Structures are given as C-alpha cells and as structure tokens.
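Here is what each chain is made of, one letter per residue.
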Amino acid sequence: MAQRIRVTVWNEHRHEKTHEKVREVYPEGIHAAIGQGLGTDEFEVRYATLDDDEEHGLSEQVLSETDVLFWWGHMAHGDVRDEIVDRVHARVLRGMGLIVLHSGHFSKIFKKLMGTSCDLKWREADEKERIWVVAPNHPIAEGIGEYIDIEAEEMYGEHFDIPAPDELVMVSWFEGGEVFRSGCTFHRGQGKIFYFRPGHETYPTYYNEQVRRVLSNAAKWAAPSTREYPKYGNHKPLEAIKPKS
C-alpha cells in the first residue's frame with residue numbers, strides 16, 4: 001500500500017464560534033468538512049486552528065510532518081502571527097504543498113507568496129456559480145466534468161490582483177454576470193500552490209462531491225516529490241579548472 005499523503009487542514013475556526021448560521025452549516029468546523037471530504041484511504045489528515053495555541057497549531061514539528069497544508073481564513077487574517085507565516089513560507093519553498101481556499105486569498109501567507117494585493121470584487125447575493133474546467137487534462141480536474149454547478153455562493157469577480165498563474169485550471173461564471181479565475185496553480189521554490197475559489201462560510205460548498213474531488217486531486221498534485229532539496233551557496237567545481245594563461 002502506498003504511503004498516505006500527510007495533510008494538515010488549517011482553519012481560523014472563528015465564524016463557527018460566533019455566527020449561528022455558519023455553525024448550522026459546519027457544526028464540526030469548516031476544517032472538519034474539508035478533511036472528511038478527503039477521506040482516509042490516500043490521506044492522513046490532521047487539523048489546526050488559529051486559537052489552538054500561540055503557534056496556531058502550526059509548530060515546526062507539525063509543519064515538518066505535513067506534505068500538504070490547506071488554508072481557510074476570512075475574519076482574522078491579521079491575527080496570524082508573522083513568524084508563523086514566515087515558517088509556512090519557508091516550508092512551501094522547501095517543497096510543502098499549499099492549497100489556499102476562498103477568502104484565504106487575503107491571508108498573509110498567500111499575499112506573501114504572490115507579492116501582490118490579491119484584491120478582487122465580491123458580492124453576497126445567493127447567486128449561482130458555474131465553475132468551468134478550462135484545462136481538462138490537468139490532474140486537478142481528473143474526474144470532473146466540463147463544469148461544476150453550485151446553486152448558491154458568494155461572488156468573486158475580476159480583476160483578481162494576482163500574478164499570472166502558472167496554470168489556469170478553472171474559471172467561474174456567476175449569475176450576476178462576473179467571471180473569475182477560480183482554479184489557479186503557482187510554483188514557488190520547490191513548492192506547489194493551488195488557489196480554489198468557492199467555499200464561503202454560510203454555504204455548504206465543502207459537502208459538494210465535485211468540490212471534494214477537486215480538493216482531493218489538488219492535494220495529490222501538490223504533494224512534494226522525493227527529490228532531494230537543491231544545494232545553494234558556494235560550490236566546488238565538478239571538473240578541474242585549468243589555470244588561465
């Protein structure tokens with residue numbers, strides 16, 4: 001049996017404590033819905049939340065034992081300590097996969113990795129979202145049809161202030177007329193990053209089987225390779241260098 005991918009699902013876990021509507025949709029927390037959707041056959045899932053401890057559940061040991069980190073945040077981006085962001089950033093550069101979800105576009109870690117404002121248009125109007133697969137041969141789209149229909153979601157609209165994605169896998173259309181780059185991949189250092197748009201806290205999006213398939217595919221795609229980390233700095237020559245006359 002192949003070794004399972006070690007996943008840590010990180011969530012602020014603030015909305016579920018303060019908003020009854022969110023608690024009704026995700027009684028065990030958004031992180032639990034995400035993790036349970038991955039299943040246990042291919043993944044070893046652990047959870048971490050903003051208020052777990054002073055390290056937000058992301059200690060050096062936890063991150064060293066994480067192949068892929070999922071990140072959901074919204075109302076408390078500023079409460080994430082900068083040294084923890086730096087720690088996650090360093091791990092991504094060394095090969096840990098990162099899946100950034102929905103309003104995590106404004107997280108400190110995503111903005112640090114992107115180097116832009118990551119701003120966008122938004123609206124809450126219970127409108128339909130259709131997520132079109134525009135790279136049908138990409139591993140993240142495996143098992144997904146031409147599109148995913150979500151009956152009610154928060155709208156995100158262009159312009160999305162991110163660098164041009166390395167690969168654009170999915171594009172959303174909304175009932176109100178906007179479009180959005182909703183499935184984007186990036187490479188930073190040795191790490192692979194996937195941003196996936198849907199997942200507003202008041203909608204049961206993370207129970208959608210196709211959404212869950214995307215997240216499972218993304219975790220497998222983002223998992224680090226076994227290749228040794230490159231050596232940097234001063235380097236001795238591989239061949240003898242002849243003295244110049």
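Provided above is the structure to which this section pertains.
Residues numbered from 1 in each chain as written. Predicted model: local features only at pLDDT ≥ 70, side-chain atom pairs only at ≥ 80, totals over all residues. Heavy atoms only, no water.

**Looking at the pairing of strand S5 (residues 121-133)**
1) Next: Pairing of S5 with strand S6 (residues 147-157), which is carried by nine bridges, proceeds in the antiparallel orientation. Residue pairing in the sheet places Ile131 in a bridge with Ile148 of S6.
2) Next: Relative to strand S7 (residues 167-174), S5 runs antiparallel, the two sharing five bridges. Its bridge partner being in S7, Trp132 is matched across the sheet by Val171. (Pairing = 2+ DSSP bridges. Helix = DSSP H or I, 4+ residues; strand = E, 2+ residues; numbered from the N terminus.)

**Things to note about the layout of surface pockets**
1) Next: Of the volumes computed, that of the largest pocket is approximately 260 Å³.
2) Next: Looking at the largest pocket, it is lined by 17 residues, and the ones nearest its centre are Arg94, Gly95, Pro224, Ser225 and Arg227.
3) Next: Taken together, the residues of the lining of the largest pocket sort by class into four nonpolar, six polar and seven charged. (1 Å grid on protein atoms, 1.4 Å probe; cavity = no way out; pocket = protein on both sides within 12 Å on 5 of 7 lines; lining within 4 Å. Points joined across faces, edges and corners; volume = space filled by probe spheres on them. Nonpolar A, V, L, I, M, F, W, Y, C, P; charged D, E, K, R; others polar.)

**Points about a nonpolar patch on the surface**
1) Next: The grouping of Trp132, Val134, Tyr147, Leu168, Trp173 and Val179 at the surface amounts to a nonpolar patch, some 490 Å² of accessible area in total.
2) Next: Its location among the elements puts Trp132 in strand S5.
3) Next: Classification of Trp132 as partly exposed rests on a relative accessible area of 36%. (Patch = residues over 30% accessible without salt bridge, like charges linked within 9 Å, V, L, I, M, F, W, Y side chains within 5 Å. Areas by Shrake-Rupley, 256 points an atom, 1.4 Å probe, with all protein chains shown as cover. Salt bridge = Lys/Arg side-chain N within 4 Å of Asp/Glu carboxyl O. Buried < 20%, exposed > 50% of the residue type's maximum accessible area, 1.4 Å probe, protein only.)

**Quick look at the pairing of strand S8 (residues 179-188)**
Each regular strand displays side chains that alternate between the two surfaces of the sheet.
1) Next: Counting buried positions along S8 gives eight out of 10 residues, so the element sits mostly inside the fold.
2) Next: With six bridges connecting them, S7 and S8 associate as antiparallel partners. What sits directly across from Trp173, in S8, is Val179.
3) Next: Hairpin connection, S7 to S8: the antiparallel pair is bridged by four residues, and Gly177 has positive phi, about 115°.
4) Next: Across six bridges, the pairing between S8 and strand S9 (residues 191-196) is antiparallel. The partner of Cys184 across the bridge, within S9, is Tyr195.
5) Next: Counted between consecutive antiparallel strands, the loop separating S8 from S9 contains two residues, among which Gly189 sits at a positive phi close to 60°.

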